[in-house]
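Working through the structure, step by step
If you want the building blocks of each chain, they are given just below.
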Amino acid sequence: MSEQRPFRLGVLGSGLGSNFDSIAQGCAAGAIPAEIALVLSDVEDSGILSSAKALGVPTSFIAPGKFRTKLDESAEAEYIAALQEAEVDLVVLAGFMRILKGEFLRAFEGRVVNVHPSLLPSFPGLEAWKQALDAGVKYTGVTVHYVDQGIDSGPIIAQEPVPVREDDTPESLHARIQEVEQVFYPKVISTVVGRLMNDG
Ligand code: GAR
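This section reports on the structure supplied with the text. (Residues numbered from 1 in each chain as written. Predicted model: local features only at pLDDT ≥ 70, side-chain atom pairs only at ≥ 80, totals over all residues. Heavy atoms only, no water.)

In terms of burial, strand S2 (residues 35–41) is largely enclosed, as six of its seven residues are buried. Here six bridges tie strand S1 (residues 8–13) to S2, and the two strands are oriented parallel to one another. Each residue of the ladder has a partner; that of Gly 10, found in S2, is Leu 38. Note that the unit made of S1, helix H1 (residues 18–29) and S2 has a crossover that is right-handed. Where S2 and strand S3 (residues 59–61) come together, three bridges link them in parallel fashion. From the neighbouring strand, Leu 40 faces S3, where its bridge partner is Ser 60. Crossover handedness for the path S2 to helix H2 (residues 47–54) to S3: right-handed. (Buried < 20%, exposed > 50% of the residue type's maximum accessible area, 1.4 Å probe, protein only. Helix = DSSP H or I, 4+ residues; strand = E, 2+ residues; numbered from the N terminus. Pairing = 2+ DSSP bridges. Right-handed = clockwise from strand over helix to strand, strands pointing away.)

A separate point is the side chain of Asp 89. Looking at where Asp 89 falls in the secondary structure, it is placed in the loop between helix H3 (73–85) and strand S4 (90–93). Under the relative-accessibility criterion, Asp 89 is labelled buried at 15%.

Within the structure, the ligand sits among 14 residues, and Gly 17, Ser 18, Asn 19, His 116 and Glu 181 are positioned closest to it. One of the backbone N or O atoms of Leu 16 is found 3.1 Å from an oxygen atom in the ligand. Contacts to the ligand include Asn 19, whose side-chain N or O atom sits 2.9 Å from an oxygen atom. Against a free-state accessible area of 450 Å², the protein chains account for coverage of 93% of the ligand. Those elements that provide at least two residues to the shell around the ligand are H1, strand S5 (112–116) and helix H6 (170–199). Broken down by element, the shell around the ligand gets its largest block of residues, three residues, from H6. (Near = heavy atom within 4 Å. Polar contact = N/O pair within 3.5 Å; in protein donor to acceptor, adjacent residues only side chain to side chain. Areas by Shrake-Rupley, 256 points an atom, 1.4 Å probe, with all protein chains shown as cover.)

In structure tokens:
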């Protein structure tokens, strides 16, 4: 009987990498039935690249090009090529702060997921925890969704609420949301991987 090759994740991030860390732990513990094949970042000195290197995961910094909020055409082609070369089955965005466009999404159709720190469709975009505090909501949360060409607007896969406290600051609320992300995102990724493996 031939062994099936492990399901392969490609993780993209721009920041500290706390979500990456929890996903890597989930893979190592077998809670996510996959391995991390590649980590890519648009920020050369990002925490996510250092964490991945420390774990011996292949990494690459790919400069995003001239735009502030998206990849330029040649950068996008480089991201696609790197992920295809690594034979990635699912692209996992973990704090990747650029919008992905048509060419990328066509290359990985139905296979790009993102975590966002609010209950979408409320508070898409930057600093969603600050937006929630400013709006005075009593609950915000975490959303995992498939990625489309909009800003945090693709089909929702799962959500988890987080209460807002009277004395919350932007920092305390973001920290509590991130604690939830670190448990919730690996669980949802595991479900998505299971579905994709069953679909063949
Ligand atoms: C996370 O809170 C994630 O939800 C958010 O960036 C942070 C990255 O933290 N993503 C977005 O706002 C996407 N719109 P990390 O680098 O420690 O995982």
